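Notes for the structure review
So you can see what is in the structure, the chains are spelled out below.
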Amino acid sequence: MKVVVCTKQTPSTTADLTVNPDGSVSWDDPGGKPNVVNPWDEYSIEEGIRLKENHGASDVIAITMGGDESQEALKTALAMGCTEAILLSDAAFTGADTLGTAKVLAAAINKVGDVQIAIFGKSAIDGDTGQTAVQTARKLGWTPLTFVSAITAVGDGQITVERLLDDGKETVTAPLPVVIGTVKEINEPRYPSFMGIRKASRATIPVWGAGDLGVDGVGSKVDWSKVYAPAPREGSVEIIEGDSAQEKAAKLVAKLFEEKVI
Amino acid sequence: MSGVWVFIENRDGEIAAIAKEALAAARTVADGLGETLTALVFGQDVAGVANAAFDLGADAVLGADDPSLAPFRVEAVGPLVVKLAQEREPAVIMAGASTRGRDLAAWVAADLEAGLVADGTDLAVDGGTVKVTRPVYASKLLATVFVTEGTQVITLRNRAFPQAESTGGSGSAEWVDTAVAESDIPTKVTGFAGKEGGVSLTDASIIVSGGRGVGGPEGFAPVRELAAVLGAAVGASRAAVDAGWIPYEHQVGQTGKTVSPDLYIASGISGAIQHQAGMRTSKVIVAINKDPEAPIFKLAQYGIVGDLFEVLPALTAEFKSKLS
């Protein structure tokens, strides 16, 4: 049984973002690495590795669609313990919407072959749509299981998971193959080991393009051209002064009632 | 293509709060486009839900009533919406961006080969197109996004739109058969544990949150007491969750929940950019922190510099006397 983890490279959570005059977005992170593996994907990478350690998966393959620079995200996945990494990169993939991305990922999962479980993070922190897992499942014809907070059993061609929904926790069983979307509660991601980082730094990551996948122009039906910085929150903070906590509390509560917040 | 469809998420005969928001937003879109608004009602024994959808402003209800549709499974509802959309070709399909609404929208858009815009926080009709404003890059930026051709599938962030209100409207629903027989649905739901008591973070109109400053699991006691008096949900920063003081389901921020209550009271939270990403759209923010330099004060309307273990109980007492 092979497991594929679908990852993405994103700006770091602390990156400063700039909208350029041409509408493109660039970023820098003076205090750290500007590009990281999407933070939500750390949980899906960890869960993929655990499927190998605890449920007998033979291979855990990380895939990413993106430019050459996305090799960094894949190296993080390798350093954590994925057995293989593949970059899906082609000028034809540029500007794909979630559906276009799903088609590329589904074609790659089919090309890997013998995959029983594909795992996604909850969403990518840049586009933040959180729709690609289900759409990839549809393009594969597999069952999507999203918001998974625990994989409780894998075996006999079936998987049982717990899903963290808005109003409670649902236990679901489905036949393999499945596409899983994870939430943070599922595990505590490990740090890459020293050996893992060394191995990853020497790894050569294969690149699959549109021709390898048999995907022609993926296109987009969504116009994303207008990105801008939000207006700053108006006004500045009013610090409530007083001689005691009681006095400050009374003044604040009076203001909240006055402005009909309560 | 014509008509606006809106998914009416329901459970135990009740329309979900987020579906009432979606219904109101879809009503304005339908009016802007000059189209009829059809509510999609699926479940078991949902005649009452259909009537409620008419009352909340739907022009028509298209539904299916079958045991296989409750509880909601996207493998049952998804193919049915796809089949209906292929037959009737709606211009717009909308849903609240709840866990179920997200799954359904992604499924339907994939099978219809339609464009999908997720998590809208504002809408404008421009000709035949719905222009959707949505936060991107963890709410650091905004984007105005739209579908360029075919059916427009749109989900809406919770609490970004007011809920639909009673109009006194009524009508008779059109009921159709399911698309997939129970034996052909791959997933079986074998258990469900509803949230115990308390108010859900994403639905709450008031949230009281605690961070590193609460100092330990017992430090959440004054946070909970204030929340109880206000009928509020309890939130937490990542620092408090990672320390194991409170379960993850309470986490607000980039790797937790995104909330936009009417009032957000942050106590002992410094206000790291990752936390701000989850709560910056709150209408009024109150910050309570010992450190007057804490970044949370830059975001807040009102601040109290002081010890949360003195300020929170004082607030609880004050609200108690004002609200009783």
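Basis of the calculations
Residues take numbers from 1 onward in each chain, read along the sequence in its written order. Each chain takes a letter, starting from A, and each ligand takes a number, starting from 1, following the order in which they are written. Only residues with pLDDT of at least 70 are given local features in this predicted model, and only at 80 or more are side-chain atom pairs given and counted; all residues enter the totals for whole chains, interfaces and linings. A run of H or I in DSSP counts as a helix once it spans at least four residues, and a run of E counts as a strand once it spans at least two, with each numbered from the N terminus. Throughout, the radius of gyration refers to the C-alpha atoms, and the reference size of a globule is 2.2 Å times the residue count to the power 0.38. Three exposure classes are used. Buried residues have 20 or more other C-beta atoms within 10 Å of their own C-beta, exposed residues have 12 or fewer, and partly exposed residues fall in between, all C-beta atoms being placed from the backbone. Residues are defined as contacting one another if the C-beta atoms placed from their backbone atoms lie within 7 Å. Should DSSP find at least two bridges between two strands, the strands are regarded as paired. To get an axis, fit a line to the C-alpha atoms, keeping to the stretch in contact for a helix; angles then go from 0 to 180 degrees between the N-to-C directions. The term nonpolar core means buried Ala, Val, Leu, Ile, Met, Phe, Trp, Tyr and Cys residues held together as one set by C-beta atoms within 7 Å. Looking down the strands as they point away from you, a crossover is right-handed if its path from the first strand over the helix to the second goes clockwise. Throughout the structure description, domain borders are defined by an automatic or database domain assignment. Each residue receives one of three labels: charged for Asp, Glu, Lys and Arg, nonpolar for Ala, Val, Leu, Ile, Met, Phe, Trp, Tyr, Cys and Pro, and polar for the others, Gly being one of them. When describing relative orientation, an angle under 35 degrees is termed roughly parallel and one over 145 degrees roughly antiparallel, while 65 to 115 degrees is termed roughly perpendicular and anything else oblique. Should the near helix be turned anticlockwise from the far one by less than a right angle, the crossing is termed left-handed; should it be turned clockwise, right-handed.

The next thing to look at is the overall build of chain B. The helix and strand inventory of chain B stands at nine helices and 18 strands. Since a compact globule built from 324 residues should have a radius of gyration of about 20 Å, the 21 Å found for chain B is in line with a globular shape. The principal-axis extents of the C-alpha atoms in chain B amount to approximately 60 × 45 × 40 Å. A total of 324 residues make up chain B; the buried ones form 59% of that total. Sequence-distant contacts in chain B: of pairs separated by 6 or more residues, those separated by 24 or more amount to 65%.

Attention now moves to the environment of T316 of chain B. Among the secondary structure elements, T316 of chain B is positioned in helix α9 (residues 308–323). Here T316 of chain B is in contact with E225, L226 and V229 of chain B, once residues within four sequence places are set aside.

What follows covers the sheet that holds strand β10 (residues 141–147) of chain B. Strand order across the open sheet formed by four strands is β14(A)-β10(B)-β9(B)-β8(B), with antiparallel pairing between neighbours. On the outer flanks of this sheet lie β14 (222–228) of chain A together with β8 (122–126) of chain B, each paired with one strand and no other. The mean angle between the axes of side-by-side strands here comes to 25°, regardless of whether they run parallel or antiparallel. Bridge analysis of β8 of chain B against strand β9 (residues 129–136) of chain B gives five bridges, and the strand direction is antiparallel. In the sheet register, D122 of chain B faces β9 of chain B, and the bridge partner there is T133 of chain B. Together, β8 and β9 of chain B form the strand contacts of helix α1 (residues 17–33) of chain B, whose direction differs from that of β8 of chain B by roughly 15°.

Attention now moves to the pairing of strand β18 (residues 302–305) of chain B. When strand β15 (residues 238–239) of chain A meets β18 of chain B, the two strands line up parallel, connected through two bridges. Across the sheet, the residue bridging to E238 of chain A is Y302 of chain B, located in β18 of chain B. Of the strand pairs in this sheet, strand β17 (residues 284–289) of chain B and β18 of chain B are connected by four bridges, and their pairing is parallel. When the bridges of β18 of chain B are listed, V286 of chain B appears paired with Y302 of chain B.

What follows covers the nonpolar core. All names here are of chain B. In terms of nonpolar packing, the biggest core is built from 146 residues, with V6 and M94 touching the most fellow members. V6 has contacts with A22, L23, A26, L37, A39, L40 and M94, leaving out every residue within four places of it along the chain. Formed by 50 residues, the second largest nonpolar core is a distinct cluster that contains F220, A240, A294 and L312.

Across the contact, 71 residues belong to chain B and 64 residues belong to chain A. In terms of residue count, helix α4 (residues 99–112) of chain B provides more of the side of chain B that touches chain A than any other element does, eight residues in total. Inspection of the sheet shows strand β11 (residues 168–175) of chain A paired to strand β13 (residues 188–194) of chain B by six bridges, in the antiparallel sense. Bridge assignment links E170 of chain A to a residue of β13 of chain B, and that residue is F192 of chain B.

The next point concerns the pairing of β17 of chain B. Residues and elements named next belong to chain B. Counting buried residues along β17, five of its six residues qualify, which places the element largely inside the surrounding structure. One ladder, built from five bridges, connects strand β16 (residues 263–267) with β17; its direction is parallel. Following the sheet pairing, A266 is matched in β17 by A287. Between the parallel elements β16 and β17, the chain passes through helix α7 (residues 273–279) in a crossover that is right-handed.

The next subject is unusual backbone geometry. For residues that are not glycine, phi is negative in most cases, and the peptide bond is trans in most cases. A cis geometry characterises the amide bond from L176 of chain A onward to P177 of chain A, with omega recorded as 0°. Relative to the elements of secondary structure, P177 of chain A occurs in the loop between β11 and β12 (178–182). Residue A70 of chain B is joined to P71 of chain B through a cis peptide bond whose omega torsion reads -5°. Examined against the element boundaries, P71 of chain B turns out to sit in the loop between β5 (60–65) and α3 (74–88). Phi is positive for E89 of chain B, close to 50°, though the residue is something other than glycine.

Now for the domain arrangement of chain B. Residues and elements named next belong to chain B. In terms of domains, chain B is made up of domain 1 (4–184) and domain 2 (206–323). Computed over C-alpha atoms only, the centres of domain 1 and domain 2 are separated by 33 Å. Contacts between the two partners involve four residues from domain 1 and, on the opposite side, four residues from domain 2. Tallied by class, residues from the side of domain 1 that touches domain 2 come to two nonpolar, one polar and one charged.

Before going further, it helps to spend a moment on the sheet that holds strand β1 (residues 4–7) of chain B. Residues and elements named next belong to chain B. Pairing is parallel across the open sheet formed by seven strands, whose spatial order is β7-β11-β6-β1-β4-β5-β12. Two strands close off the open sheet at either side, each with one partner strand: β7 (115–120) and β12 (174–175). Looking at chain direction, β1 and strand β4 (residues 37–43) are connected through four bridges and run parallel. When the sheet's bridge partners are listed, V4 is paired in β4 with L37.

With that out of the way, let us pick up the packing of helix α2 (residues 71–80) of chain A against helix α5 (residues 194–202) of chain A. All names here are of chain A. It is the contact of α2 with α5, at a shortest axis distance of 7 Å, that shows an interaxial angle of 140°. Taken as axis vectors, α2 and α5 run oblique relative to one another. The interaxial crossing formed by α2 with α5 has right-handed handedness. Every residue of α5 that contacts α2 at K75, L78, A79 and M80 is listed here: G196, I197, K199, A200 and S201. Here the residues of the contact of α2 with α5 are counted per class, giving five nonpolar, two polar and two charged.

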